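# Residue-level structure breakdown
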Amino acid sequence: MSRKLVFLRHGKVALPYESHNHMPFNILRALGDQTMDPPSDITYLESRKDYLQTLFSKFNFSKIFRSPSRRCSTLAQYLNTIVSKELPKAEELEDLREIFFDLNILFPSQNASLEEISPRLIEEILTGGPGTEPLEEIIQRFNHIIDQMPPSEDVLILTHGFFMRLIASTYENLNNSSPTITAWEEAPRFKYLEGFILEQDKPIKYILS
């Protein structure tokens, strides 16, 4: 049986903002340096119940791994309440945490929108600039995650948008080489509960709503 690794972004953050695009600088900063850890919004998850049930009907997950964040832990708990098949208990993996970044270093003026932050963050990670988690450590985290996956069957992995976008850009490059700024910018900006599937010897397959 071939192995399918299904990466899924967490649900909407339980904060009074429609998405990260609408969050003020101080909230984005606290999420980036991981001093703020809100759960996923249950009302939002309920609004996407049909979408999630349809998606989960296509897989038979033998394992579920999640980021330590509350955004992912509350999503894992919610999935158990709506999916007809009994799901395995989600296992926490520290390596699935979001990419760390310090917006006070990247933007000393302490004022920037997500539209401005995203390309700057990409550039600083890929060029080894200050204020971000080093690219080598992020790739090492991902490789460690893959090493812990079972050799076959379907596996669900609940994690974060920037981290997923980096992985996607890596797979879009020939021979899985290190990601480039162009590849990262061309990778999807995953919305809540979107993701992709990695399957051996097959191109990356996106789950977009």
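It should be noted that the structure appears before, not after, this text.
None of these values were measured; they are calculated from a predicted model.

## Description of the packing of helix 7 (residues 135-147) against helix 8 (residues 161-172)
Between helix 7 and helix 8, whose axes approach to 11 Å, the crossing angle comes to 85 degrees. As summarised for this structure, helix 7 and helix 8 are arranged roughly perpendicular, according to the angle between their axes. In contact with Leu135, Ile138, Ile139, Arg141, Phe142 and Ile145 of helix 7, helix 8 contributes Phe163, Leu166, Ile167, Thr170 and Tyr171. When grouped by side-chain class, the residues that make up the contact of helix 7 with helix 8 number nine nonpolar, one polar and one charged.

## A word on the pairing of strand 1 (residues 3-9)
Counted residue by residue, strand 1 has five buried out of seven residues, so it is predominantly covered. In this structure, strand 1 lies alongside strand 4 (residues 153-159), joined through seven bridges in parallel fashion. Bridge pairing in strand 4 links Lys4 to Asp154. One ladder, built from five bridges, connects strand 1 with strand 5 (residues 195-199); its direction is antiparallel. Residue pairing in the sheet places Lys4 in a bridge with Glu199 of strand 5.

Thresholds, definitions, all that
- Residues numbered from 1 in each chain as written.
- Predicted model: local features only at pLDDT ≥ 70, side-chain atom pairs only at ≥ 80, totals over all residues.
- Heavy atoms only, no water.
- Axes fitted to C-alpha atoms, helices over the stretch in contact; angles between N-to-C directions.
- Helix = DSSP H or I, 4+ residues; strand = E, 2+ residues; numbered from the N terminus.
- Parallel < 35°, antiparallel > 145°, perpendicular 65-115°, else oblique.
- Contact = heavy atoms within 4.5 Å.
- Nonpolar A, V, L, I, M, F, W, Y, C, P; charged D, E, K, R; others polar.
- Buried < 20%, exposed > 50% of the residue type's maximum accessible area, 1.4 Å probe, protein only.
- Pairing = 2+ DSSP bridges.

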